[in-house]
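# Observations on the three-dimensional arrangement
Given next are the chains, with one letter for each unit.
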Amino acid sequence: MSLGLGSWRFFLAMLVVVSHLYADMIHGPAAYAVWGFFVLSGYLMTFVLSQRYGFEAAGLKRYAFNRFLRIYPSYALASLAGLALLWWLVRQGVNPAGLNPQFQVPQGWRNWLAVLTMNPWLPAPGLPVPVAGALFVEVWAYALMPLFARSRSAAWLGLAVAFFANVQFGFSTDSFLPRYVGFATGLMPFAAGSLVCHYREAWQRGAMPRLSVLIWCLHALYWLRDPYWPWTYGLGLSVLLSAWVVLSLARRAMGTTDKWLGDVSYPLYLVHTTVGAVFLLRWGTDRPLDFAVVSVLASLLVSAVFVWWIDRPLQKLKLPA
């Protein structure tokens, strides 16, 4: 099987999953993976808008509806499952926040509104899908993608504004979290992905699938030498490396396996913490290797069910691009 964008998406999802479920996972790669998702989304949304939907009102309505259908139903179901599990675990005397501090019942109407609307600007100390904060940024970035997709200048401007938003925070370890989860700062990888799509023909000579992925992985391992690197400059450098990977893999044909891996990545991202929390009754919150292995395998099974029974039937309702 040749590595394509579906396999790349799955690899990024697995980095996030393992980092949350295994206590001894190295630090940094999961954050790079989330912003790697943003780079990939910037590329793909620019491509489909410019090549399929267009920029007229009718095309943008189809784009918005299809994005909603792809993201929200699975998210809503995962949220309901998370709420049910939170209720059950608390009755069993288990605090799931030990697995993820945000894995709590939403607190107050603003928190509930953030959960319902996927709003990245409202406080969200409690999330039934505790990894949804990054998803909120992605969903609302979709609203800007028609601008980035239509105009290279807009994409460059978005990149510049987001870059200086990061600079404004500085690159200390203390500033990592607001840079990582912020909407303005998080637009940098989206704009970078959009620019890769705009310049894909001119930059194609730089496409090196194996080497780009290898360098990306070596950068992820640099934490072993410098544990502060991911929280200072590593996240920004990862955007450039993720853009290189996307450029290198974008022209590869997506086979059956590659497509399947890509499809399973989103539900895997959504459900892995919820599935892992089920096994807290057996292992507690120390997240040893056996807990991680069981949780990852169970998460993959649940994600496959999501694809077969939820996602693929819903995709039949998509409007033609």
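Residues numbered from 1 in each chain as written. Predicted model: local features only at pLDDT ≥ 70, side-chain atom pairs only at ≥ 80, totals over all residues. Heavy atoms only, no water.

## A closer look at the overall build of the chain
Convention followed: Each helix corresponds to a stretch of at least 4 residues labelled H or I by DSSP, and each strand to a stretch of at least 2 residues labelled E; elements are numbered beginning at the N terminus. Our radius of gyration is a C-alpha quantity, and the globule rule it is checked against amounts to 2.2 Å times the number of residues to the power 0.38. Classification of residues uses two cut-offs on accessible area relative to the type maximum, computed with a 1.4 Å probe and protein chains only: under 20% is buried, over 50% is exposed, and between them is partly exposed. Using a 1.4 Å probe, the Shrake-Rupley method yields the accessible areas, and only the shown protein chains count as cover for residues. The convention is simple: Lys and Arg are positive, Asp and Glu are negative, and His and the chain ends are not counted. Lys charges are placed at NZ, Arg charges at CZ, Asp charges at CG and Glu charges at CD.
Along its length, the chain carries 14 helices and 0 strands. Seen in sequence order, the chain has helices and strands lined up from the N terminus as α-α-α-α-α-α-α-α-α-α-α-α-α-α. Taken over C-alpha atoms, the radius of gyration comes to 19 Å for the chain, in line with the 20 Å a tight globule of 321 residues would show. With the C-alpha coordinates of the chain rotated into their principal frame, the extents come out at 60 × 50 × 40 Å. Counting only residues that meet the buried cut, the chain has 51% of its 321 residues in that class. Just so you have it, the chain exposes about 15,000 Å², and 66% of that area is on carbon and sulfur atoms. Here the chain contributes 23 positively and 11 negatively charged side chains, and the mean placements of these two sets differ by 10 Å.

## Re the pattern of salt bridges
Test applied: Within this document, salt bridges are pairs made up of a side-chain nitrogen of Lys or Arg and a carboxyl oxygen of Asp or Glu, the two lying within 4 Å of each other.
Counting across every chain of the model gives 4 salt bridges. Put simply, Glu201 and Arg251 hold a salt bridge, and the shortest N to O gap is 2.5 Å. Here the residue Glu201 occupies a position in the loop between α9 (183-198) and α10 (209-221), and Arg251 occupies one in the loop between α11 (234-249) and α12 (256-278), the gap between them amounting to 50 residues. Judged by relative accessible area, Glu201 falls into the exposed class, the value being 55%.

## As for the UniProt feature "domain: Acyltransferase" (unreviewed entry) in the chain
How we decide: UniProt positions are given in the numbering used here, feature names are shortened, and annotations may be inferred rather than shown by experiment.
Listed under "domain: Acyltransferase" (unreviewed entry) in the UniProt record, and renumbered for this structure, are residues 8-308. The span residues 8-308 shows a helical share of 72% and a strand share of 0%, and its end C-alpha atoms are spaced 21 Å apart.

## Some remarks on the nonpolar core
Applied cut-off: In plain words, nonpolar cores are sets of buried Ala, Val, Leu, Ile, Met, Phe, Trp, Tyr and Cys residues tied together by side-chain atoms within 4.5 Å.
By size, the foremost hydrophobic cluster in this structure holds 95 residues, and its most contacted members are Trp8, Tyr75, Met145, Trp216 and Leu270. Here this core takes 14 residues from helix α2 (residues 29-53), the largest share from any one element.

## Comments concerning the environment of Leu214
When you line up the elements, Leu214 lands in helix α10. Taking C-alpha positions, Leu214 is 35 Å from Ser79, a pair spaced 135 residues apart along the chain.

## A closer look at the side chain of Ser19
Let me state the cut-off plainly: In protein, a polar contact means a hydrogen-donor-capable atom and an acceptor-capable atom, both N or O and within 3.5 Å, with residues adjacent in sequence counting only if both atoms are side-chain atoms; elsewhere, any N or O pair within 3.5 Å suffices. Contacts between residues were defined by any pair of non-hydrogen atoms, one from each residue, lying within 4.5 Å.
Positionally, Ser19 belongs in helix α1 (residues 5-21). With a relative accessible area of 17%, Ser19 lands in the buried category. At 2.7 Å, the side chain of Ser19 and the backbone oxygen of Val16 are in polar contact. Residues in contact with Ser19, not counting those within four places in the same chain, are Met25, Ala30 and Arg287.

## What to know about the side chain of Ser79
Note on placement: Ser79 falls in helix α3 (residues 57-91). Residue Ser79 is classed as buried on the basis of its relative accessible area of 7%.

## Some remarks on the packing of α1 against α10
What counts, and what does not: Every angle, taken between N-to-C directions, lies between 0 and 180 degrees, and every axis is a line fitted to C-alpha atoms, over only the stretch in contact when it is a helix. Here the angle decides the label: under 35 degrees means roughly parallel, over 145 means roughly antiparallel, 65 to 115 means roughly perpendicular, and every other value means oblique. Polarity classes work like this: nonpolar for Ala, Val, Leu, Ile, Met, Phe, Trp, Tyr, Cys and Pro, charged for Asp, Glu, Lys and Arg, and polar for all others, with Gly in that last group.
It is the contact of α1 with α10, at a shortest axis distance of 13 Å, that shows an interaxial angle of 10 degrees. Taken together, the axes of α1 and α10 are roughly parallel relative to one another. Where α1 abuts α10, its residues Trp8, Phe11, Leu12 and Leu15 lie against Val213, Trp216 and Cys217. The residue makeup of the contact of α1 with α10, split by class, is 7 nonpolar, no polar and no charged.

## Some points on a nonpolar patch on the surface
So the rule is basically this: Only residues whose relative accessible area exceeds 30% and that form no salt bridge enter a patch; like-charged residues are grouped when within 9 Å of one another, and nonpolar side chains (Val, Leu, Ile, Met, Phe, Trp, Tyr) when within 5 Å.
On the surface, a nonpolar cluster with roughly 550 Å² of combined accessible area is contributed by Met208, Leu211, Leu214, Leu218, Leu221 and Leu224. Looking at where Leu221 falls in the secondary structure, it is placed in helix α10.

## As for α11
Operational definition: Between the first and last residue of a helix there are one fewer steps than residues, each counted as 1.5 Å, and that sum is the expected span.
For α11, which comprises 16 residues, the first-to-last C-alpha distance of 22 Å matches the rise-based estimate of 22 Å (1.5 Å per residue) to within 8%. Summarising burial for α11: 12 of the 16 residues are buried, a large majority. All of the buried residues in α11 are Gly234, Leu235, Ser238, Val239, Leu241, Ser242, Ala243, Val245, Val246, Leu247, Ser248 and Leu249. The secondary structure elements touched by the buried residues of α11 are α1, α2, α8 (176-181), α9 and α10.

## Quick look at the packing of aromatic side chains
Heads up, the rule is: Centres within 6.5 Å make a pair out of two Phe, Tyr or Trp rings, where for Trp the six-membered ring is used; the pair is then stacked when the planes are under 30 degrees apart, edge-to-face when over 60, and tilted otherwise. Put simply, a charge is over a ring when the Lys NZ or the Arg CZ is close to the ring centre, within 6 Å, and near the line of the ring normal, within 35 degrees.
Counting across every chain of the model gives 24 aromatic pairs. Between Trp121 and Trp140, the ring centres sit 5.5 Å apart and the planes meet at 70 degrees, which makes this aromatic pair edge-to-face. Taken together, the residues Trp121 in the loop between α4 (108-117) and α5 (132-141) and Trp140 in helix α5 connect sequence positions 19 residues apart. Grouping aromatic residues by their ring pairs yields a cluster made of Trp8, Phe11, Tyr32 and Trp216. Its guanidinium or amino end placed over the ring of Tyr142, Arg67 lies 5.6 Å from that ring's centre, counting from NZ or CZ. One Lys or Arg, Arg152, reaches over the ring of Tyr199 and ends 4.3 Å from the middle of that ring.

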